[in-house]
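Spelled out from the first residue to the last, the chains are:
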There are 2 protein chains.
Amino acid sequence: MNQVIETLLAHRSIRQLQDKPLTKEQVELIVASAQAASTSSYIQSYSIIGITDPAKKQRLAELAGNQNYVEKNGHFFVFCGDLYRHELAGDMEEKEVIDSIESTEKFMVMLIDTALAAQNAAIAAESLGLGICYIGGIRNQLDEVCELLNTPKRVIPLFGMAVGYPEKITDQKPRLPLAHIYHENEYEQDESVYKQQLEEYNKVISRYYYERTKGKRDDTWTSQIAGMLEKQSRMYMHDFMKKHGLNLK
Amino acid sequence: MNQVIETLLAHRSIRQLQDKPLTKEQVELIVASAQAASTSSYIQSYSIIGITDPAKKQRLAELAGNQNYVEKNGHFFVFCGDLYRHELAGDMEEKEVIDSIESTEKFMVMLIDTALAAQNAAIAAESLGLGICYIGGIRNQLDEVCELLNTPKRVIPLFGMAVGYPEKITDQKPRLPLAHIYHENEYEQDESVYKQQLEEYNKVISRYYYERTKGKRDDTWTSQIAGMLEKQSRMYMHDFMKKHGLNLK
């Protein structure tokens, strides 16, 4: 154990943040930390947009489903997958790069690259005593978000991150048991073992909600997840990406 | 600045690792750190396979393009996107979840979730004095990798991570300038400004390679990236994911 791992293990999403703005130095340390993450074949296929304009923040909060913490925070980052600059690199070098850029493989690289950078940003922010919350809600209405942020083709806002001084510290939600997530040498495919592990985890989660809500919430992991997946969301994404020249082939 | 940010900023990929095995305690700390990362709507859509069997490591190294560090390291992790357990959760709860699981949106969630967890693992390992290197090469021949690791449908090995005691510390490659990656309130779309920033970055990279190779390598970022994208790679990925019931709709 060390200070770094303590920071990692102490993570919880903080949804109540003070509106005290981050300093320029804090923002730059967070972005520099993001950039220090590994990047596939040096591709650096992301951009980060910091939203400080209050009107823009308010509009983004509406688009993300009226989440208060999109508006009220110390700084709001939007992490975008970015293959636009790579198209320009192709132009500059007079190379045919579009087939690659349009591939599912490079779409995956773009998503993974952006997420690695974002997680470094999250850790950096938390190490500075700040709280963070990822916001997938910006994918609810991506056409409008792209317009608001003036992103060119092949730049896709993937998720936001609200950062700020915590107003209220929340609990940590228990994760799946390590033995369920972690396999040795091959994947454990025994469906009955797998379901049994999920049943046991359900008991942990049920107790967690019971204690946290003084008996008001009765829920399990599988019911929460199955309920979430049953309600289909953002099913426009497949066509949206095609329209933006990504994940096409 | 603090110890956490120092760790983040000190990152470089380490490709020469000792074969001294990690302890069980180290592996568990790394996996627990991975699990502590944020996860979209609590979905936890990844699994991690640790490869310790020497024959399996050797085969994986072959499949990943004969990268020596896949075989020689302290521990080799394979990070898999996993929506298999969510299908089981649907079964257990008798809910119709397949349309969601097959969507591009959930494919994206799976990729982002896995990458956030992996980056926490990388940071944890580096904080323990270990070196890491991400291995995208395991996507070269995914059918064979899936067979080797016995993964069920909807579990996709996305990338590997070699971890171990560094044998040789490499240089850090300079990242794109912060002003190029980071925008305020909206994306900077002026193509000429953008290209000029890339030209300036090219000079930095050219000098970096010149100094590092004592004048032998003359390369820029745009030429490296355009060259990489011109050579199409892993173009089978689009069909592969469809076959595995992901990114379908």
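Worth saying up front: this structure is predicted, and the values here are computed from it rather than measured.

What counts as what
- Residues numbered from 1 in each chain as written.
- Chains lettered and ligands numbered in written order.
- Predicted model: local features only at pLDDT ≥ 70, side-chain atom pairs only at ≥ 80, totals over all residues.
- Heavy atoms only, no water.
- UniProt positions renumbered as here; feature names shortened; annotations may be inferred.
- Helix = DSSP H or I, 4+ residues; strand = E, 2+ residues; numbered from the N terminus.
- Contact = heavy atoms within 4.5 Å.
- Expected span 1.5 Å × (residues − 1).
- Buried < 20%, exposed > 50% of the residue type's maximum accessible area, 1.4 Å probe, protein only.
- Phe/Tyr/Trp six-rings, centres within 6.5 Å; stacked < 30°, edge-to-face > 60°.
- Core = buried A, V, L, I, M, F, W, Y, C linked by side-chain atoms within 4.5 Å.
- Least-squares fit on C-alpha atoms with pLDDT ≥ 70 in both.

*Asks:* Can you help me understand the UniProt feature "domain: Nitroreductase" (unreviewed entry) in chain A in this one?
*Replies:* Taken from the UniProt record, the annotation "domain: Nitroreductase" (unreviewed entry) applies to residues 10-165 of chain A. Structurally, residues 10-165 of chain A comprises 46% helix and 19% strand, and the distance from its first C-alpha atom to its last is 15 Å.

*Asks:* How do you make sense of the environment of E93(B) when you look at a structure like this?
*Replies:* With respect to the helices and strands, the residue E93(B) is situated in helix 5 (residues 84-93). Considering only alpha carbons, one finds E93(B) and E62(B), 31 residues apart in sequence, at a separation of 41 Å. The residues contacting E93(B), other than those within four sequence positions of it, are T220(A), T222(A), S223(A) and A226(A).

*Asks:* Explain helix 2 (residues 24-35) of chain A here, please?
*Replies:* Quick reminder: α-helices carry 3.6 residues per turn. Residues three or four places apart thus point the same way. With 12 residues, helix 2 of chain A ought to run about 16 Å at 1.5 Å a step, and its terminal C-alpha atoms sit 16 Å apart, in line with that. Listed in full, the buried residues belonging to helix 2 of chain A are Q26(A), V27(A), L29(A), I30(A), V31(A), S33(A), A34(A) and Q35(A).

*Asks:* Before we go on, may I ask you to explain the packing of aromatic side chains in this structure?
*Replies:* The geometry of an aromatic ring pair is captured by the separation of the ring centres together with the interplanar angle, meaning the angle of the planes. One pass over the structure, following the stated rule, counts 20 aromatic pairs over all chains. Both rings, one in Y84(A) and one in Y187(B), keep their centres 6.1 Å apart while their planes meet at 70°; by these two values the pair is edge-to-face. Placement of Y84(A) in helix 5 (residues 84-93) and of Y187(B) in the loop between strand 5 (182-184) and helix 10 (191-212) is noted, with the two residues assigned to different chains. With respect to burial, Y84(A) and Y187(B) carry one shared label: buried.

*Asks:* So what exactly am I meant to see when it comes to the nonpolar core here?
*Replies:* Side chains of a nonpolar character, in soluble globular proteins, are inclined to be buried together. F77(A), F77(B) and M161(B) are the most contacted members of the largest nonpolar core, which totals 170 residues. Look past the residues within four positions of F77(A) in its chain and what remains in contact with it is V27(A), I30(A), V31(A), I48(A), I49(A), F159(A), G160(A), M161(A), V163(A) and Y182(B).

*Asks:* Any chance you could explain the relation of the copies chain A and chain B here in plain terms?
*Replies:* Copy one and copy two of the chain differ by a rotation about a common axis and a shift along it. Once chain A has been moved 0.0 Å along the axis and rotated by 180°, it coincides with chain B to within an RMSD of 0.0 Å. As the rotation angle and translation indicate, the two copies are arranged about a two-fold axis. Taking C-alpha positions as reference, the residue of chain A nearest the rotation axis is V4(A), located at 2.6 Å. Most of the interface of chain A is mirrored in chain B, where 100% of its interface residues are also at the interface.

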